[in-house]
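Spelled out from the first residue to the last, the chains are:
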Amino acid sequence: MLLKLLLLIGIVFVIYTIFFKKRPLSSHSDDSSQEDAMIPCSKCNTFVSPKEALMKEGKYYCSHECMKG
């Protein structure tokens, strides 16, 4: 009787963890989504990656020429 009860509790626990428990997103998938995001230049609307974009006064620019002009 005790073995059946433990087996039932184990099955319920496995079903709960598979279907109902929320899993945190891995940081690797977050990094890849940010790498794919492109930001438009405020002057010429050329899309540039956030790593390469230049920022001045809260606006993003693709190059120093766009930032100056």
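It should be noted that the structure appears before, not after, this text.
So, how was this worked out
- Residues numbered from 1 in each chain as written.
- Predicted model: local features only at pLDDT ≥ 70, side-chain atom pairs only at ≥ 80, totals over all residues.
- Heavy atoms only, no water.
- Helix = DSSP H or I, 4+ residues; strand = E, 2+ residues; numbered from the N terminus.
- Buried < 20%, exposed > 50% of the residue type's maximum accessible area, 1.4 Å probe, protein only.
- Areas by Shrake-Rupley, 256 points an atom, 1.4 Å probe, with all protein chains shown as cover.
- Contact = heavy atoms within 4.5 Å.
- Disulfide = S-S within 2.5 Å.

**Things to note about the overall build of the chain**
Here comes step 1: On a plain count of helices and strands, the chain comes out with three helices and four strands.
Here comes step 2: Traced from its N-terminal end to its C-terminal end, the chain shows the element sequence α-α-β-β-β-β-α.
Here comes step 3: Within the chain, buried positions represent 13% of all 69 residues.
Here comes step 4: Accessible surface computed for the chain: about 6,300 Å², of which carbon and sulfur atoms make up 64%.

**Looking at the side chain of S49**
Here comes step 1: Structurally, S49 is set in the loop between β2 (47-48) and β3 (54-56).
Here comes step 2: By relative accessible area, which is 15% here, S49 ends up buried.
Here comes step 3: Ignoring any residue separated from it by four or fewer positions in sequence, one finds S49 in contact with A37 and M38.

**Details of the environment of A53**
Here comes step 1: Locating A53 in the fold gives a position in the loop between β2 and β3.
Here comes step 2: Taking the C-alpha atoms as reference, A53 lies 9.3 Å from M38; in sequence the two are 15 residues apart.
Here comes step 3: For A53, the residues in contact, after removing those within four places along its chain, are V48, Y60 and Y61.

**Some thoughts on unusual backbone geometry**
Here comes step 1: A positive phi angle, close to 65°, is found at N45, a residue other than glycine.
Here comes step 2: Of note, N45 is situated in the loop between β1 (39-40) and β2.
Here comes step 3: Since its relative accessible area comes to 54%, N45 is described here as exposed.
Here comes step 4: Positive phi, normally seen in glycine, also occurs at E57, with a value near 55°.
Here comes step 5: Checked against the element boundaries, E57 lands in the loop between β3 and β4 (59-61).

**Focus: the state of the cysteines**
Here comes step 1: For the structure on display, the rule yields zero disulfides.
Here comes step 2: With no disulfide of its own, C41 has C44 as its nearest cysteine by sulfur position, at a separation of 3.7 Å.
Here comes step 3: Overall, C41 belongs to the buried group, its relative accessible area being 1%.
Here comes step 4: Among the cysteines around C44, which has no disulfide bond, C62 carries the closest sulfur, lying 3.6 Å off.
Here comes step 5: For C44, a relative accessible area of 37% gives the class partly exposed.

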